[in-house]
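Understanding the architecture of this molecule
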Amino acid sequence: MAETKTVLVHIKRQLAPDQKPYWEEFELSWRPFMNVIILLREIAERPVTREGKVTTPVAFDANCLEEVCGACAMRINGKARQACSALVDQLEQPIRLEPLSKFPVVRDLFVDRSRMFENLKRMKAWVPIDGTYPLGEGPRMAPEVQQRAYPLSRCITCGNCLEVCPQVNERSDFVGAAIINQVRLFNLHPTGAMHKRERLEAVMGPGGIHDCANAQNCVKACPKGIPLVESISEVNRDAIRQAIFGWLFG
Amino acid sequence: MRQPKIIVVGGGLAGLMATIKVAEAGVPVELFSIVPVRRSHSVCAQGGINAAKNTKGEGDSPWKHFDDTIYGGDFLANQPLVKAMCEAAPAIIDLLDRMGVPFNRTPEGLLDFRRFGGTLYHRTAFAGATTGQQMLYALDEQVRRFEAEGKVHKYEGWTFLSAVLDEQGICRGICAMDLKSMQVRTFSADAAIFCTGGIGAIFGRSTNSVVCTGSAQSALFQQGVHYANGEFIQVHPTAIPGEDKFRLMSESARGEGGRVWVPRQPGDPRPPKSIPESERFYFLEEWYPKYGNLVPRDVAVRAIHKVVFELKLGVEGQPAVYLDVTHLPRELLDRKLEGILEIYEKFLGVDPRVQPMKVFPAMHYTMGGLWIDDENQATNVPGIYAAGECEYHYHGANRLGANSLVSCLFGGMLAGPAAVRYARNLERGADAVPVSVFEREQRRQEEINERLLRQDGKENPITIWKEMGEWMTEHVTVVRYNKNLERTDQKLQELLERYRHINLSDRTKWSNQTLNFARELYNMLILARVITLGALRRNESRGAHYKPEFPERDDANWLKTTRAIYDCGNIRFEYDPVDVSLIPPRPRRYDVQ
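Residues numbered from 1 in each chain as written. Chains lettered and ligands numbered in written order. Predicted model: local features only at pLDDT ≥ 70, side-chain atom pairs only at ≥ 80, totals over all residues. Heavy atoms only, no water.

Topic: the overall build of chain A
Broken down by element type, chain A carries eight helices and seven strands. On the principal axes, the C-alpha backbone points of chain A span a range of 80 × 40 × 35 Å. Classification of the 250 residues of chain A by burial places 55% in the buried group. Across chain A, every contact between residues at least 6 apart in sequence was considered, and the portion connecting residues at least 24 apart equals 61%. About 11,100 Å² of surface is accessible on chain A, with carbon and sulfur atoms providing 54% of the total. Put simply, chain A has 32 plus and 29 minus side-chain charges, and the middle of one group is 3 Å from the middle of the other. (Helix = DSSP H or I, 4+ residues; strand = E, 2+ residues; numbered from the N terminus. Buried < 20%, exposed > 50% of the residue type's maximum accessible area, 1.4 Å probe, protein only. Contact = heavy atoms within 4.5 Å. Areas by Shrake-Rupley, 256 points an atom, 1.4 Å probe, with all protein chains shown as cover. Lys, Arg positive; Asp, Glu negative; His and termini not counted. Charge placed at Lys NZ, Arg CZ, Asp CG, Glu CD.)

Okay, here's the thing in structure tokens:
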């Protein structure tokens, strides 16, 4: 008799920030090309655990489902990654789903990453234009510079690089690789470079680049293959240069 | 002088642009978004943004862009604003360039342009194959700067529930819900700009993101905002089918030289690379020699349907065709298309640089949306403005690729200042409106939540949603028959009846995604009816709306804008003439030289 193939999922649940986490197990029938999002949706349609206990749908964050919005990052079998691109057939079972551990849990797998957006503010991660009225074309740029900037600009603020960084913990304010990479990106832009100094000062402040201990986990966890270690060392070099020689030109 | 306040709902490209314009005018903005704005659906726009910069010596011009857009839209768009958009497009690109969007460059350091569907010119600026993402980030960063200066206040993780309308029917603010605490509250404002995007979820699976439900548009419709041309739904020819969504494979793959084909022999079991050229059917190139693989989307989609369902030539007998880029140099693929090829590779485990991709059409975009006027992005309700995909104005019966990003930004640029002018000229501001107006709306919305949480039936909201999606996709997308449209509307009414008996599997009061989804579902069902009934009434074929029983465009009877009106629980239709004052309608034929 043909046996129906199933998928075993263990999920770390937490109903609210002030509640205790607990685990639940689910058994779902297997289909080709399943990803973790499909598993969670199926549980939402029929929220019953493996033991037959009726439970609530699992809260999770997701939007684009094609790994470009950054929303659905979680720990899957212990690894920080996007749920949409985590294909069931490539995962060992039981599949363990947990929220990212370096961010406050809102509910279940849903975490609050607003800290990252706040840190972008601190680093002045923008090109300060004079206004949106017509001021002609932007600065010319060598294709080679664009090819260097574009990969840095593909960061989806998923937070995976913070999740794997030993320096990001309860006792530290380290902003993490994603944010430092943005400093590099804007310092690379011809207009952004005019305000390089401000960004370097911010990145030398508390929680800034000095807190990096060079573990280099970030680059391995980045779903977009951004050269984060290279970004950190380049920003670090610029920061040191400014710290030593900055007063000469200030 | 009274300082007005403006609310923007939706933080995609249109919403961010409107926000920037309002903040720049010195008026405080409150920006509401379901997701952090940097995660909005605009990130999914891939191929690029159109502007006739004519940097390739081809003699392109804004007028030609305008003509292509009107012709591509089968003459259903009101023309003056479309012309203004095409004229503004080159300056919009310059602005984005100044903001730091990493557009691809030519050796001389200028912006590079690629080809796209429905035009013969290189008119599409691009940042790899993630142009929307890059543009969204640039605008997000500008808004963050205003936020740091205290000019913008964001409410991320809030969802819009309804407008607050006073006794005269003037919009005085909004009612929204915090998706963490589920708190319902009202916010006063002198004007509100809606930039709430697409409606893909109404079709179950589409190329859209999870938040693209059309719930906000439907809520406004039910409060009296008119909804125009709802029946015009764009299906994109090339997407990767998936159980959770259809992942888009950008038109830019064809713009850079990608070719669509099927084996000439039905059900050919050979691997694609071993099928010789002579045994491949490049049907778009054969049927449309002038535009080839770059015919407009509605044309390409009908061709694929014909090949798969009439000629039975789908790849391996399945509903699929090949999208082939394997003949293109790897360096070009990596420099210009990496973003999309990576998606194919990650989700299917096959490298599209080596193997032709298997794709199929998927619901992608709505040309229809909230009705707005001919100059200000203003809806028929005073104080309510709309911009971006959620309004109907720019794309007629079919949108050309890479025109959505330009319409988002142009709409946002008009809506922001228009809302500021309106708010400044108001005789009586929102602050003078009695508190009871706000309390009443808040109570009404809280009661909906309480009822849903209390309700004890047998129906599951996800099941109802899936059924709606299947019916809408089967009967209200590429090919439409009146009998099936009637049946679909009956089905939708049945689902609305079943909706009254849904049972929420989560009755908690914290971060309850089930409750929010149930609320959205009701709004989706209403908007699904607007789309279906609009399609049923329009007895002609125009752009994306195709009825085999009425295969021709019928200008005598249907050169009209559909305007759906919600009237005491009923959906009523009115029709307006289309402003064709600049380009007289002509037959739309892409198959002739």
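What follows picks up the thread again.
So, the sheet that holds strand β15 (residues 280-281) of chain B
Residue and element names in this part refer to chain B. Strand order in the open sheet made by the six strands is β13-β12-β17-β16-β14-β15, with antiparallel pairing throughout. Each edge of the open sheet is held by one strand with a lone partner, namely β13 (247-248) and β15. Pairing between strand β16 (residues 321-324) and strand β17 (residues 357-366): three bridges, direction antiparallel. Within the sheet, the bridge partner assigned to Leu323 lies in β17 and is Met357. (Pairing = 2+ DSSP bridges.)

As for unusual backbone geometry
Here the amide bond leading from Gln93 of chain A into Pro94 of chain A is cis, since omega sits at -5 degrees, within 30 degrees of zero. Assignment of secondary structure puts Pro94 of chain A in the loop between β4 (79-82) and β5 (95-98). In this structure, Phe75 of chain B takes a positive phi of about 65 degrees despite not being glycine. As for its placement among the helices and strands, Phe75 of chain B is situated in the loop between α2 (62-72) and α3 (79-99).

Focus: the sheet that holds strand β5 (residues 122-125) of chain B
All names here are of chain B. One open sheet accounts for three strands, arranged β3-β5-β4; its pairing is antiparallel. The open sheet has two free edges, formed respectively by β3 (49-50) and β4 (113-115), since each of these has just one partner strand. Two strands pair when backbone bridges link them, and β4 and β5 are joined in this way by three bridges, in the antiparallel orientation. Among the inter-strand pairings, Arg115 is bridged to a residue of β5, identified as His122.

A closer look at the pairing of strand β10 (residues 191-194) of chain B
Residue and element names in this part refer to chain B. Going residue by residue along β10, you find Ala191 and Ile193 tucked away on one face and Ala192 and Phe194 tucked away on the opposite face as well. When strand β1 (residues 6-9) meets β10, the two strands line up parallel, connected through four bridges. Pairing of Val8 across the sheet is with Ile193, part of β10. The pairing of β10 with strand β19 (residues 384-386) spans three bridges and is classified as parallel. Bridge pairing in β19 places Phe194 opposite Ala386.

What to know about the packing of helix α1 (residues 13-24) of chain B against helix α11 (residues 404-425) of chain B
All names here are of chain B. Two numbers describe how α1 lies on α11: the axes approach to 7 Å, and their chain directions differ by 35 degrees. In this structure, the crossing between α1 and α11 has a hand that is right-handed. Residues Leu13, Ala14, Met17, Ala18, Lys21 and Val22 of α1 form the contact with α11, whose own contacting residues are Leu405, Cys408, Leu409, Gly412, Met413, Gly416, Pro417 and Val420. In terms of residue class, the contact of α1 with α11 is built from eleven nonpolar, two polar and one charged. (Axes fitted to C-alpha atoms, helices over the stretch in contact; angles between N-to-C directions. Left-handed = near helix turned anticlockwise from the far one by under 90°. Nonpolar A, V, L, I, M, F, W, Y, C, P; charged D, E, K, R; others polar.)

Here's the deal with the domain arrangement of chain A
Residues and elements named next belong to chain A. Looking at the assigned domains, one finds that chain A contains domain 1 (6-111) and domain 2 (114-249). Relative placement of domain 1 and domain 2: their C-alpha centres are 31 Å apart. With 13 residues of domain 1 at the interface, the matching set in domain 2 holds 13 residues. For the pairing of domain 1 and domain 2, the buried interface totals around 1,100 Å² over both sides, and the portion due to carbon and sulfur atoms is 49%. On the domain 1 side of the contact with domain 2, Glu67, Lys102 and Phe103 bury the most area, a combined 52% of that side's loss. Between Lys224 and Glu67 there is a salt bridge, with its nearest N and O atoms 3.3 Å apart. Put simply, domain 1 and domain 2 have eight residue pairs in polar contact (both at pLDDT 80 or more) between them. (Domains from an automatic or database assignment. Buried area = accessible area lost by both parts, 1.4 Å probe. Salt bridge = Lys/Arg side-chain N within 4 Å of Asp/Glu carboxyl O. Polar contact = N/O pair within 3.5 Å; in protein donor to acceptor, adjacent residues only side chain to side chain.)

Some remarks on the packing of aromatic side chains
Residues and elements named next belong to chain B. Tallied over the entire structure, the rule returns 23 aromatic pairs over all chains. Centre to centre, the rings of Tyr71 and Phe75 are 6.3 Å apart; their planes meet at 85 degrees, and the pair counts as edge-to-face. The class of Tyr71 is buried, set by a relative accessible area of 10%. Through successive ring pairs, a cluster of aromatic residues spans Phe32, Tyr155, Trp158 and Phe187. In this arrangement the basic side chain of Lys306 is found over the ring face of Trp287, its NZ or CZ atom lying 5.0 Å from the centre. (Phe/Tyr/Trp six-rings, centres within 6.5 Å; stacked < 30°, edge-to-face > 60°. Lys NZ or Arg CZ within 6 Å of the ring centre and 35° of its normal.)

Re the interface of chain A and chain B
Between chain A and chain B, the contact holds 71 residues from the first and 73 residues from the second. At the boundary of chain A with chain B, total buried surface from both sides reaches about 6,100 Å², with 50% on carbon and sulfur atoms. Together, Asn63, Glu66 and Thr132 of chain A form the three largest contributors to the area buried by chain A at its contact with chain B, with a combined 12%. Here chain A is connected to chain B by twelve salt bridges. A salt bridge links Glu66 of chain A to Lys245 of chain B; the shortest N-O distance between them is 2.9 Å. The interface formed by chain A and chain B holds 44 residue pairs in polar contact (both at pLDDT 80 or more) in total. Taken together, the elements giving at least two residues each to the side of chain A that touches chain B come down to α1 (36-45), β6 (105-107), α2 (114-122), α3 (143-152) and α5 (177-188) of chain A.

Things to note about helix α13 (residues 461-475) of chain B
Since the α-helix packs 3.6 residues into each turn, any two residues three or four apart lie on the same face. With 15 residues, α13 of chain B extends 21 Å from end C-alpha to end C-alpha; this agrees with the ideal 21 Å at 1.5 Å per step. Considered for burial, the residues of α13 of chain B that qualify are Pro461, Ile462, Ile464, Trp465, Met468, Gly469, Met472 and His475 of chain B. Looking at the packing, one finds that the buried side of α13 of chain B touches α1 of chain A together with α14 (482-499) and α15 (513-537) of chain B. Capping the start of α13 of chain B, Asn460 of chain B holds a side-chain oxygen 2.7 Å from the backbone nitrogen of Ile462 of chain B, two or three residues further along. (Expected span 1.5 Å × (residues − 1).)

Overview of the packing of α5 of chain A against helix α6 (residues 196-203) of chain A
The geometry of a pair of packed helices is captured by two quantities: the angle between their axes and the separation between those axes. Residue and element names in this part refer to chain A. Where α5 meets α6, the axes come as close as 10 Å, and the angle between the chain directions of the two elements is 165 degrees. Taken together, α5 and α6 sit at an angle that is classed as roughly antiparallel. Note on packing geometry: the crossing formed by α5 with α6 is left-handed. Of α6, the residues touching α5 (which contributes Ile180, Val183, Phe186 and Asn187) are Lys196, Arg199, Leu200 and Val203. Counted by class, the contact of α5 with α6 contains five nonpolar, one polar and two charged residues. (Parallel < 35°, antiparallel > 145°, perpendicular 65-115°, else oblique.)

Overview of empty space enclosed by the protein
Counted according to the given criterion, the structure contains eight cavities of 30 Å³ or more. Elements that contribute at least two residues to the lining of the second largest cavity include exactly α3 and α5 of chain A together with α4 (131-148) of chain B. No other element matches α4 of chain B, which puts four residues into the lining of the second largest cavity. Taken together, the residues that form the lining of the second largest cavity break down as twelve nonpolar, four polar and one charged. (1 Å grid on protein atoms, 1.4 Å probe; cavity = no way out; pocket = protein on both sides within 12 Å on 5 of 7 lines; lining within 4 Å. Points joined across faces, edges and corners; volume = space filled by probe spheres on them.)

A look at the pattern of salt bridges
All names here are of chain B. Taken as a whole and assessed by the stated rule, the structure comprises 90 salt bridges over all chains. Put simply, Lys154 and Glu156 hold a salt bridge, and the shortest N to O gap is 3.9 Å. The residue Glu251 makes a salt bridge to Arg297 at a minimum N-O spacing of 2.5 Å. One end of the pair, Glu251, is in the loop between β13 and α6 (252-255); the other, Arg297, is in helix α8 (residues 297-310), and 46 residues separate them in sequence. Each member of the salt-bridge network shares a partner with another, and the members are Asp74, Glu231, Arg538, Glu540, Arg542, Arg553 and Asp555.

Quick word on α1 of chain B
All names here are of chain B. Relative to the 16 Å expected for twelve residues at 1.5 Å per residue, α1 spans 16 Å between its end C-alpha atoms, a close match to the ideal helical length. Taking burial as the measure, the twelve residues of α1 include eleven buried ones, the bulk of the element. Three or more residues of α1 are buried, namely Leu13, Ala14, Gly15, Leu16, Met17, Ala18, Thr19, Ile20, Lys21, Val22 and Ala23. Following α1 by one or two positions, Gly26 has its phi on the positive side, about 85 degrees.

Structural notes on a nonpolar patch on the surface
All names here are of chain A. Taken together, the side chains of Ile240, Ile244 and Phe245 present a nonpolar region at the surface, about 270 Å² in accessible area. Residue position: Ile240 is located in helix α8 (residues 228-249). You can call Ile240 partly exposed: its relative accessible area is 42%. (Patch = residues over 30% accessible without salt bridge, like charges linked within 9 Å, V, L, I, M, F, W, Y side chains within 5 Å.)

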